[in-house]
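Close look at the chain arrangement
Below, each chain spelled out in residue letters.
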Amino acid sequence: MAPAVRAAIRAAAAAAWPAECCGALVGVADNAGGTKVACALPASNEAEDTLHAFRMGPEAVRELEAAAAEQGAEVVGYYHSHPEGAGAAPSATDLEWALPGLIYVIAGAEGHELRAWRLREDRSGFDELTP
Amino acid sequence: MSTTAATIHLPTPLRPLADGATEVCVSAGTVKDALDALARAHPRLRRHLFTDDGALRGYVNVFLNEDEVRTLPRQDATLLGEGDTIMIIPSIAGGSPPALHEGLERDEITRYARHITLPEVGWEGQKRLKAARVAVIGAGGLGSPAALYLAAAGVGTLGLIDDDVVDLTNLQRQILYGTDDLGAPKVARAARRLHETNPHVHIERHPARLTSANALGILENYDVILDGTDNFPTRYLANDAAVLLKKPYVYGSIYRFEGQASVFDGRTGPCYRCLFREPPPPGLVPNCAEGGVLGVLPGIIGSVQALEVIKLILGIGETLAGRLALFDALRFRWRELKLQRNPECPVCGDQPTITELIDYDLFCGLKEEEMAETTEPNGHRELAPRELKARLDAGERPTLIDVREAHELDISSLEAVGARHIPMGDLQGRLGELDQEEELVLICRTGSRSGALARYLHASGFPRVANLTGGINEWSRTVDPSLPTY
């Protein structure tokens, strides 16, 4: 994940505080079989209780994917923040709503802490990704 | 039921679980059948499409030819037509655990945002502040900034202890009050002002002077004791009470252009008595009323006290425990003295001799002074301003000596009735100028300093020495109201 992407997510988390921020991670697969996140695309939080939840509906997801495609890249994951100091580990709700294969970047309160996660295929939990 | 061929378009994240397919063709009767068929064809997809109960997962949005299936009349029981396209488009959602902010109201979350942002404070720290109870003894020069900052910081409960009313001379430094508050009880006005700053703070009012009788009863209800009084009896009283109650005592003191602050915690380190076992003789150290104080100085020292209280509550950083901070405002220097616990300290030492609160006025010599004033056969005389005025009007000419500092004379002076000026510090060296046979009347602001000097002169062989009772302020009140009091 490029430093500029980290900075962008931190800034988005701080700007949205005390609500949760959310957006897409746009990237490309690199030669080593990993994924390089090139930029973060902010989205509006459609959740009812934006202090404790985030949601990007299908329209938003489609728009984000289209925006990524315009750059010749694809959405490889999503980011959101945990504003209330819950830390940057996924919550039970995050687990319930997670899709396989995607990178989930979570920012702790105002973006102090950024951690990246991927859902296990059996949905038993997340594995942390090394940045 | 007839079946028909339909194409299911998969979102990117699900494709690897369908062997990389973008689209999957199935034969099905309804939308629901089609999704079941998809899960049968690619079993790794099933748990990501359906919950254990077989319901579609929340993030799975199914579109049939651009219409979201949930909005159709028959929803996923909608029959499929030839060549229909089913699209699965996910929602991306999640949330943070809701219980973490328990105990803080929504307004508080925003109010304390700059605190919570600090990793050293965070949610836990802010909740600790809210749960904390701090006693502020004296709502004056030091108590004003300390209480304002503690309230703004979100300390949940502040106990204000003060029996005074707001006086015009207070407003130069006691920033809890304004001109409208003159004559009103400080505790009531302070509570109102602090509520304006932060309505979430609970203010407990103690419109009383802290005494040996009430100190333990009041202070035992608080976690930290902040002393903003700046007088010796209360300082020793608060220190001893804090040691007995095993609570930290945050000390501050100001005089003219200099200030001091420290944290005395008898449980872990030195207490105030380890530093100053006994108070100085009364009258030797002038208080702020007598010596003056730069108005901004209590703002600095009181803020340092608030800082130390907050660090104590949060358990972060290094407090001033075991250190005495000394501030010289004119030269702008902070110095620091290391303090050692005294094993022979009478209150926090290994074998304490003070195990309950004592009479602190007596301990600090104030009672003796009062006794000397009332039982004067062997000491100096006390002379009321009215009596002096009558005698001056009758043509008597005792020697009037104003022992105040030069700057005080600029405020008010008895020069018009013949008072000489010999500042307190010079008197001892200028005794030769005085006639032992003559009657001497010593004058200061309130009669406190001059009373101490009168005793001293009487003991030094001046039999006819008197103290102007109540000082020049009392003269102003009872004889000449044209003189300002201060």
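Before reading on, note that the structure itself is shown above.
Reference entry: report on the structure contained in this document.

Cut-offs applied
- Residues numbered from 1 in each chain as written.
- Chains lettered and ligands numbered in written order.
- Predicted model: local features only at pLDDT ≥ 70, side-chain atom pairs only at ≥ 80, totals over all residues.
- Helix = DSSP H or I, 4+ residues; strand = E, 2+ residues; numbered from the N terminus.
- Buried ≥ 20, exposed ≤ 12 C-beta atoms within 10 Å, placed from the backbone.
- Contact = placed C-beta atoms within 7 Å.
- Nonpolar A, V, L, I, M, F, W, Y, C, P; charged D, E, K, R; others polar.
- Pairing = 2+ DSSP bridges.
- Core = buried A, V, L, I, M, F, W, Y, C linked by C-beta atoms within 7 Å.
- Axes fitted to C-alpha atoms, helices over the stretch in contact; angles between N-to-C directions.
- Expected span 1.5 Å × (residues − 1).
- Arc of directions from axis to C-beta.
- Right-handed = clockwise from strand over helix to strand, strands pointing away.

1. Let's talk about the overall build of chain A
Across its full length, chain A holds three helices and seven strands. Helices (α) and strands (β) of chain A occur, in sequence order from the N terminus, as α-β-β-β-α-β-α-β-β-β. Here chain A holds 131 residues, and the buried ones make up 48% of them. By sequence separation, contacts in chain A at least 24 residues apart represent 58% of the contacts at least 6 residues apart.

2. As for the interface of chain A and chain B
In this complex, chain A contributes 35 residues to the contact, which on the side of chain B involves 30 residues. The set of elements that each furnish at least two residues to the side of chain A that touches chain B consists of β3 (53–56), α2 (58–70), β4 (74–81) and α3 (92–97) of chain A. Its residues placed into classes, the side of chain A that touches chain B shows 17 nonpolar, nine polar and nine charged. As defined by bridge partners, β3 of chain A adjoins strand β6 (residues 92–95) of chain B across four bridges and the pair is classed as antiparallel.

3. A word on the nonpolar core
Counting residues in each nonpolar core, the largest one holds 74 residues, and the members touching the most others are Val 134, Val 136, Ala 147, Leu 158 and Ile 225 of chain B. For this core, the element with the most residues is helix α12 (residues 297–314) of chain B, which contributes nine residues. Not counting residues within four places of it along the chain, the set of residues in contact with Val 134 of chain B comprises Leu 150, Val 155, Leu 158, Tyr 222, Asp 223, Val 224, Leu 226 and Val 309 of chain B. Grouped together as the second largest cluster of nonpolar side chains are 64 residues, Cys 21 of chain A together with Leu 38, Val 62 and Ala 93 of chain B included.

4. Comments concerning the sheet that holds strand β13 (residues 323–328) of chain B
Residues and elements named next belong to chain B. Taken together, eight strands build an open sheet; the order of strands is β9-β8-β7-β10-β11-β12-β13-β14 and the sheet is mixed. Since the sheet does not close on itself, it has two edges, and those belong to β9 (202–206) and β14 (333–338), each with one partner. Strand-to-strand twist in this sheet, taken as the mean axis angle between neighbours without regard to direction, amounts to 15 degrees. On the sheet, helix α7 (residues 186–197) packs against β8 (157–161) and β9 and is oriented at approximately 175 degrees with respect to β9. Here helix α9 (residues 232–245) sits on the sheet and contacts β7 (133–137), β10 (224–227), β11 (249–255) and β12 (258–264); the angle it forms with β10, its principal contact strand, is near 170 degrees.

5. So, the environment of Pro 3 of chain A
Note on placement: Pro 3 of chain A falls in helix α1 (residues 3–16). Sequence separation between Pro 3 of chain A and Ala 38 of chain A is 35 residues; the distance between their C-alpha atoms is 9.5 Å.

6. What about α2 of chain A?
Residue and element names in this part refer to chain A. Under the 1.5 Å per step criterion, the end-to-end length of α2 is 18 Å for 13 residues, consistent within 8% with the ideal 18 Å. Residues of α2 that are buried include every one of Pro 58, Val 61, Leu 64 and Ala 68, and no others. Looking down the long axis of α2, one finds its buried residues gathered within 125 degrees of arc, a one-sided arrangement. Opposite the buried face of α2, at more than 90 degrees from it, the exposed residues are Ala 66 and Glu 70. Looking one or two residues past α2, Gly 72 carries a phi angle of roughly 75 degrees, positive in sign.

7. Quick look at unusual backbone geometry
Residue and element names in this part refer to chain B. Positive phi, close to 45 degrees, is recorded for Asn 65, a residue that is not glycine. If you check the backbone angles, Lys 246 has positive phi at about 60 degrees while not being a glycine. Mapped onto the elements of the fold, Lys 246 is located in the loop between α9 and β11.

8. Overview of the sheet that holds strand β5 (residues 85–90) of chain B
All names here are of chain B. What the five strands build is an open sheet, ordered β2-β1-β5-β3-β4; its pairing is mixed. Taken across any chain shown, the strands that pair with only one partner, and hence form the sheet edges, are β2 (23–28) and β4 (67–68). Sheet topology places strand β3 (residues 60–64) next to β4; two bridges connect them, and they run antiparallel. Residue pairing in the sheet places Leu 64 in a bridge with Asp 67 of β4.

9. With respect to the pairing of β7 of chain B
Residue and element names in this part refer to chain B. For β7, the buried fraction is high: four of the five residues fall into the buried class. In this sheet, β8 lies alongside β7 in parallel orientation, the contact comprising five bridges. Bridge pairing in β8 places Arg 133 opposite Thr 157. At this point the chain moves from β7, through helix α6 (residues 143–153), to the parallel β8, and the crossover so formed is right-handed. Bridge analysis of β7 against β10 gives four bridges, and the strand direction is parallel. When the sheet's bridge partners are listed, Ala 135 is paired in β10 with Ile 225.

10. Some details on the environment of Phe 126 of chain A
Examined against the element boundaries, Phe 126 of chain A turns out to sit in strand β7 (residues 126–129). Using a count of 19 C-beta atoms within 10 Å as the deciding quantity, one classes Phe 126 of chain A as partly exposed.

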